Amino acid sequence: MQLTKITKFNFRTARPVEYYRKYLEQDVRPDGRDLGEFRRTVLNIGCVTTADGSALVKLGNTTVMCGIKAELCKPKTETPKCGYIVPNVELSPLCSPHFRSGPPGEQAQVMSQFMLEVVNHSKCVDLESLCITPGKLVWVLYCDLLCLDYDGNVTDACVLALLAALKNVCLPTISINEETDNPETDLTKRVPLPISSQPVSSTYAIFDDNILFVDPTAEEENLATGIVTIVTTDDKLCLVHKPGGSPLRPEQLTNCFDRSFDRSKEISRLIDETIHSIDR
């Protein structure tokens, strides 16, 4: 029995593609999941008491924490009636030895930009609702996403953590003093941030230029010949991100869309159940 385990381990290490191919030919993965099955998703909302909104997401072993801080600032000149959201993804050696200390690496920068695109394309937050005084004072939401454990598909975990944290944001009431024209903050009266839609990300990996499976682990990402991420909002397609790699056939893309909408409903239920358990 022990010899069998050692041989199996060596085969997986020495010839990982062949090892996975034997499983995928039977429509199953080495961890026992079906090709269209996500790993167990765990959500904790409001876990950082010092933040204005926060959430912790575990997608299998992949763990991401999002903390949001709200600050007052002047609006951008081109959008005087809009506040803005600034996402920042951090991938440090804490989550994986593949990342290094220092300035954000390329993957972290791409992830931060992708989070911003999700916010802008989904319009999950009406930026005008962040305006206090047009042309003078707006809210800016700094959304820090920290990966604590990287085991693949950090994209889906980050999008969920960001959405859940935004739904947890409660902003203090701001009034303008007519005599001094300065803002006055009332921390005892907080207003929930209105959320217009719920963007949900679903990531798929392509193996051998042909086999498609959802929610890849880090090992599966390394073996994939292509990755595609689909973001849906309620019953609408929001964003498709495919950074090169193997192309998808039309029927494969259709299957991805169908599974993504199913995933969107699953995540919406998870968020509602989590918020309900907190309010009880």
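Bear in mind the structure is a predicted one, so any value in this text is a computation, not a measurement.

> I keep staring at the UniProt feature "domain: Exoribonuclease phosphorolytic" (unreviewed entry) in the chain and nothing clicks. Help me out?
UniProt tags residues 37-172 and 198-261 as "domain: Exoribonuclease phosphorolytic" (unreviewed entry). The span residues 37-172 carries 23% helix and 37% strand; its end-to-end C-alpha distance comes to 41 Å. Within residues 198-261, the helical portion is 28% and the strand portion 42%, while the C-alpha atoms at the span's ends are 12 Å from each other.

> Before we go on, may I ask you to explain the pattern of salt bridges in this structure?
Side-chain pairs of opposite charge can arise whenever the charged atoms involved come near each other. Scanning the entire structure with this criterion turns up twelve salt bridges. With a closest N to O distance of 3.6 Å, D151 and R39 form a salt bridge. With D151 in the loop between strand 6 (137-149) and helix 4 (154-167) and R39 in the loop between helix 2 (16-24) and strand 1 (41-45), this residue pair connects regions lying 112 residues apart in the sequence. Put simply, D215 and R39 hold a salt bridge, and the shortest N to O gap is 2.9 Å. In this pair, D215 is assigned in the loop between strand 10 (211-214) and helix 5 (218-223) and R39 in the loop between helix 2 and strand 1, connecting sequence segments 176 residues apart. Like R39, D215 is buried. It is possible to trace a salt-bridge network through shared partners that takes in R29, D31, R33, R39, D151, D215 and E220.

> Explain empty space enclosed by the protein to me, please; I cannot follow it from the model alone.
Gaps between atoms show up when a probe of the same size as a water molecule is rolled over them. Using the criterion set out here, one finds two cavities of 30 Å³ or more in the structure. In this model, the largest cavity occupies a volume close to 80 Å³. Together, 13 residues line the largest cavity, and D156, L160, V200, S201 and I267 are the ones closest to its centre. Only strand 2 (53-59), helix 4, strand 9 (199-207) and helix 6 (250-279) provide two or more residues apiece to the lining of the largest cavity. Here the lining of the largest cavity gets five residues from one element, more than from any other, and that element is helix 4. Taken together, the residues of the lining of the largest cavity sort by class into nine nonpolar, two polar and two charged. Of the pockets and cavities examined, the second largest cavity occupies roughly 30 Å³. Forming the walls of the second largest cavity are V118, V119, C124, V159, L162, L163, L166 and P199. Top element by residues in the lining of the second largest cavity is helix 4. It accounts for four residues. Considering only residue class, the lining of the second largest cavity consists of eight nonpolar, no polar and no charged.

> Help me out: how do you make sense of the packing of aromatic side chains in this one?
For any two aromatic rings, the description comes down to two numbers: the centre-to-centre distance and the angle of the planes. All chains considered together, the criterion is met by four aromatic pairs. Through pairs of rings, three or more aromatic residues link up here, namely Y19, Y20, Y23 and F207. Geometry around F38 places R263 over its ring, the cationic atom sitting 3.9 Å from the centre.

What counts, and at which threshold
Residues numbered from 1 in each chain as written. Predicted model: local features only at pLDDT ≥ 70, side-chain atom pairs only at ≥ 80, totals over all residues. Heavy atoms only, no water. UniProt positions renumbered as here; feature names shortened; annotations may be inferred. Helix = DSSP H or I, 4+ residues; strand = E, 2+ residues; numbered from the N terminus. Salt bridge = Lys/Arg side-chain N within 4 Å of Asp/Glu carboxyl O. Buried < 20%, exposed > 50% of the residue type's maximum accessible area, 1.4 Å probe, protein only. 1 Å grid on protein atoms, 1.4 Å probe; cavity = no way out; pocket = protein on both sides within 12 Å on 5 of 7 lines; lining within 4 Å. Points joined across faces, edges and corners; volume = space filled by probe spheres on them. Nonpolar A, V, L, I, M, F, W, Y, C, P; charged D, E, K, R; others polar. Phe/Tyr/Trp six-rings, centres within 6.5 Å; stacked < 30°, edge-to-face > 60°. Lys NZ or Arg CZ within 6 Å of the ring centre and 35° of its normal.

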